[in-house]
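Fold and contact review
Listed here are the chains, written in short residue letters.
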Amino acid sequence: MSALAVRHGAINLGQGFPDTDGPPEVLEAAVAAIRGGRNQYPPGPGVPELLEAIAAHQQRFYGLSVDPAREVLVTVGATEAIAATVLALVEPGDEVVTFEPYYDSYAATIALAGGVRRTSVLRFPEFAVDEASLRAAFSPRTRMVLLNSPHNPTGKVFTRSELELICTLAREHDAWVVTDEVYEHLVFDGVQHVPVATLAGMAERTITISSAGKTFSTTGWKVGWVTGPAPAVAAVRAVKQFLTYVGSGPFQPAVAVGLGLPDSVYAGLAASLQAKRDLLCDGLSAAGLAVAAPSGTYFVIADVAPLGAVDGLEFCLQLPELAGVVGVPVSVFHDDAEAARTLVRFAFCKRDEVLREAVGRLARLRLG
Ligand code: PMP
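Here's a quick rundown of the structure. (Residues numbered from 1 in each chain as written. Predicted model: local features only at pLDDT ≥ 70, side-chain atom pairs only at ≥ 80, totals over all residues. Heavy atoms only, no water.)

1. Overview of the overall build of the protein chain
Put simply, the rule reads: Helical segments are the DSSP runs of H or I of at least four residues, strand segments are the runs of E of at least two, and each set is numbered from the N terminus. Just to be clear, the radius of gyration here is over C-alpha atoms, and the globule rule we use is 2.2 Å times residues to the power 0.38. A simple rule labels every residue: compare its accessible area, found with a 1.4 Å probe on the protein chains alone, to the largest value its type can have, and call it buried under 20%, exposed over 50%, or partly exposed in between. Whether two residues are in contact is decided by their heavy atoms: any pair within 4.5 Å suffices. Here, Shrake-Rupley sampling with a 1.4 Å probe gives the accessible areas, and only protein chains in the shown set may cover a residue. Charge counting follows a simple rule: Lys and Arg are positive, Asp and Glu are negative, and His as well as the terminal groups are ignored. By convention, charge coordinates are those of NZ in Lys, CZ in Arg, CG in Asp, or CD in Glu.
In terms of helices and strands, the protein chain carries 13 helices and 13 strands. Taken over the C-alpha trace, the protein chain has a radius of gyration of 20 Å; the compact-globule value for 368 residues is 21 Å, and the two agree within 12%. With respect to the principal axes defined by its C-alpha atoms, the protein chain has extents near 60 × 55 × 35 Å. In the protein chain, which comprises 368 residues, the share counted as buried stands at 58%. Pairs at least 24 apart in sequence give 75% of the contacts found in the protein chain among residues at least 6 apart. Of the roughly 14400 Å² that the protein chain leaves accessible, carbon and sulfur atoms contribute 53%. For the protein chain, the separation between the mean place of its 29 positive charges and that of its 39 negative charges on side chains is 3 Å.

Okay, here's the thing in C-alpha cells:
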C-alpha cells in the first residue's frame, strides 16, 4: 500500500507513524547521548536510568510497584518484546488466545514458537468482546492470552469488565496474560486505559509490553520494554539475548527523559490526536463511509459497503488512483477475513493539513 501511495502521489493513511516529531526535550537528550559518547552496547537489561524511569512511570500512572533491577527489560521496540515473550513462554503445541483483528506480528511470533493461535472476533462497529466465542477459544492447552489495549487496528479500549472476563478465564486455565499496551497514553474522550497488571491478582501472571514509539512519536527509535514477575522477565531476557542482545543505545537515556516529562505533555498528545481523530472521522462520514469512532490509538476503521464497495482489499487497491488516499484492508488482520470483508483502516496521526487534504479528496470519491 505504501508503494501504491508513492506511485500515485497519494496521501498515505495506511501505515501508523506520525509525520511530526515528539517532545524536543526527548530529541535533544538523544543528540546529547550521541555526542556524549553513549554509542556502544548498553547493558543487556537496558540502561539503568531507563529501567528506573519505566518503574517510576508504572508507579506514577498506575500505582504499580515494579523492581527496576529484576522486573523490567528494555527491548528493540514492542515488536521484539512480543517476539521474545512468546518465544520464552510458549512451547510447540501450546495454544495462545488472541482477538482478531490482531496486530500482524502476533500471528507470526506464535507461529515461530510453534504455538497454535485461537482467536475470538471483535466485530464492527462496537468491537465488543463476545463472551461465548472467547470462552470457546480457551482449552486445556491454553498457555497464554495475548491482548492489546488500546487496540490496533480497531481503536477499541477494552473496558474493565471485558478485561476482568479475560483475566478470569486466564486464571481458570492457569495461563499467562501478555498485554501489549503501546497505545496506553493515546486515549480519548476521558476513556480510561486499564492496565491488566492493575486488576486483582493479575500482576503475578501478567507481562506488560509498551514502547516509546507511540508515546513520544519516535517510532523509528525502536525502544520498547517488558515489565512483569522477575522469573518471567528473566526468561524473556534470555531469548532477547539471542535475538538482538541489545539495541537503541543512545535512545534509551532519551526515552528515560521522556518518561519523566510532566503529565501535561502526555495530555497534550492525547488531545491533539483526539482532534485529528474527529477531523478524519467527520471526513470519512461526509464521504459516505460508516465509521466506528475509536477511543484510542492512531486508527479508525470504516465500512466502505455504503459506497457500494463489496471488497475492502479491492477498494484499497483502487483508492490511491481514484482518490489519492491510501488505507489498509482490515481483512489482512484476520483469520476470518469474512468478518471484515468491507472494512478499511485509516491512520490519523498526521498533520492537520494532510488530514484536511485527504478528507477533501475523499469527499470527491466516486466509485465507478
Ligand atoms: N503493538 C502494536 C499493537 C502496534 O501497533 C505496534 C506498532 N505498530 C507495535 C506493537 C510495535 O511497536 P514498536 O514499533 O515499538 O516495535
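2. So, the pattern of salt bridges
Stated precisely, the cut-off is as follows: Only one rule defines a salt bridge in this text: a Lys or Arg side-chain nitrogen within 4 Å of an Asp or Glu carboxyl oxygen.
A complete count under the given rule lists 19 salt bridges for this structure. Here Asp263 ties to Arg60 by a salt bridge, and the two come within 2.7 Å at their closest N and O atoms. Placement of the pair is Asp263 in helix H11 (residues 263-286) and Arg60 in helix H3 (residues 48-62), with a sequence separation of 203 residues. For Asp263, a relative accessible area of 47% gives the class partly exposed. Lys240 serves as the salt-bridge partner of Glu80, at 2.8 Å between the closest nitrogen and oxygen. Taken together, the residues span a long stretch of sequence, with Glu80 in helix H4 (residues 77-89) and Lys240 in helix H9 (residues 230-243) at a distance of 160 residues. Judged by its relative accessible area of 6%, Glu80 falls in the buried class. Through salt bridges that share partners, Asp19, Arg351 and Glu353 make up one connected network.

3. Topic: unusual backbone geometry
Looking along the chain, the bond that leaves Glu100 and enters Pro101 is cis, with omega of 5 degrees. Positive phi, close to 60 degrees, is recorded for Asp189, a residue that is not glycine. Counting through the fold element by element, Asp189 comes out in the loop between strand S6 (176-180) and strand S7 (206-211). Here Lys222, not a glycine, exhibits a phi torsion of approximately 55 degrees, which is positive. As for its placement among the helices and strands, Lys222 is situated in the loop between helix H8 (212-215) and strand S8 (224-227). Exposure remark for Lys222: the relative accessible area of 33% places this residue in the partly exposed category.

4. Considering the pairing of strand S13 (residues 343-347)
What counts here: Two strands qualify as a pair provided that DSSP identifies no fewer than 2 bridges between them.
Across the five residues of S13, five count as buried, placing the element largely inside the fold. Neither face of S13 is open: one carries Leu343, Arg345 and Ala347, the other Val344 and Phe346, and all of them are buried. With five bridges joining them, strand S10 (residues 299-303) and S13 adopt antiparallel strand pairing. In the strand pairing of S13, Phe299 is matched with Ala347. Inspection of the sheet shows strand S12 (residues 328-329) paired to S13 by two bridges, in the antiparallel sense. Paired with Val328 across the strands is Arg345, a residue of S13.

5. What to know about the environment of Arg141
Its place among the elements puts Arg141 in the loop between helix H6 (131-137) and strand S5 (142-148). The exposure class of Arg141 is partly exposed, given its relative accessible area of 44%. Once the C-alpha coordinates of Arg141 and Gly37 are considered, the two residues, 104 residues apart in sequence, prove to be 49 Å apart. When neighbours within four sequence positions are excluded, Arg141 is seen to be in contact with Pro92, Gly93, Asp94 and Glu95.

Note that every value here comes from positions in space, so none of it alone points to a role or purpose.
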